[in-house]
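Understanding the architecture of this molecule
As a plain string of letters, each chain reads:
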Amino acid sequence: KHVLVPKHLKLTEEEKGEILKTYNVSSVQLPKILKNDPAIKGLKAIPGDVIKIFRKSKTAKHAPFYREVI
């Protein structure tokens, strides 16, 4: 929990499927994040999970980014 670290959220399998379908990509096409990354340590993520990252944006309040756990 640090002011410079954006909010991270682990998606459910249902949400993961919706995101992949919406953007017409497979999970291997998503950018990667390591399972031992300090930002997601508390989420208990396992390889294959998708993490939604809420970053601040100048034009929008928040911009979501998605990463696959490896």
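Remember, predicted model here, so these are calculated numbers, not experimental data.

Analysis parameters
Residues numbered from 1 in each chain as written. Predicted model: local features only at pLDDT ≥ 70, side-chain atom pairs only at ≥ 80, totals over all residues. Heavy atoms only, no water. Pairing = 2+ DSSP bridges. Helix = DSSP H or I, 4+ residues; strand = E, 2+ residues; numbered from the N terminus. Phe/Tyr/Trp six-rings, centres within 6.5 Å; stacked < 30°, edge-to-face > 60°. Buried < 20%, exposed > 50% of the residue type's maximum accessible area, 1.4 Å probe, protein only. Lys NZ or Arg CZ within 6 Å of the ring centre and 35° of its normal. Salt bridge = Lys/Arg side-chain N within 4 Å of Asp/Glu carboxyl O.

1. Quick word on the sheet that holds strand β4 (residues 62–69)
In spatial order, the strands read β1-β3-β4-β2; together these 4 strands make up an open sheet with mixed pairing. Strands with a single pairing partner mark the edges of an open sheet, and in this sheet they are β1 (7–10) and β2 (32–33). With 2 bridges connecting them, β2 and β4 associate as parallel partners. In the sheet register, I33 faces β4, and the bridge partner there is V69.

2. Here we look at the packing of aromatic side chains
Working definition: an aromatic ring pair is given by the centre-to-centre distance plus the angle between the planes. Scanning all chains against the criterion turns up 1 aromatic pair. Centroid distance Y23 to Y66: 6.0 Å. Interplanar angle 50 degrees. Geometry classified as tilted. Here the residue Y23 occupies a position in helix α1 (residues 13–23), and Y66 occupies one in strand β4, the gap between them amounting to 43 residues. The exposure class assigned to Y66 is buried, which follows from its relative accessible area of 12%. The ring of F65 is capped by R55, whose NZ or CZ atom sits 4.4 Å from the centre of that ring.

3. What to know about the pattern of salt bridges
Evaluation of the coordinates by the stated rule reveals 2 salt bridges. D49 is the partner of K10 in a salt bridge, and the nearest nitrogen-oxygen pair spans 3.6 Å. Remark: D49 occurs in the loop between β2 and β3 (50–56) and K10 occurs in strand β1; sequence separation between them is 39 residues. K32 is the partner of E68 in a salt bridge, and the nearest nitrogen-oxygen pair spans 2.8 Å. Of this pair, E68 sits in strand β4 while K32 sits in strand β2, placing them 36 residues apart in sequence. We classify E68 as buried; its relative accessible area is 10%.

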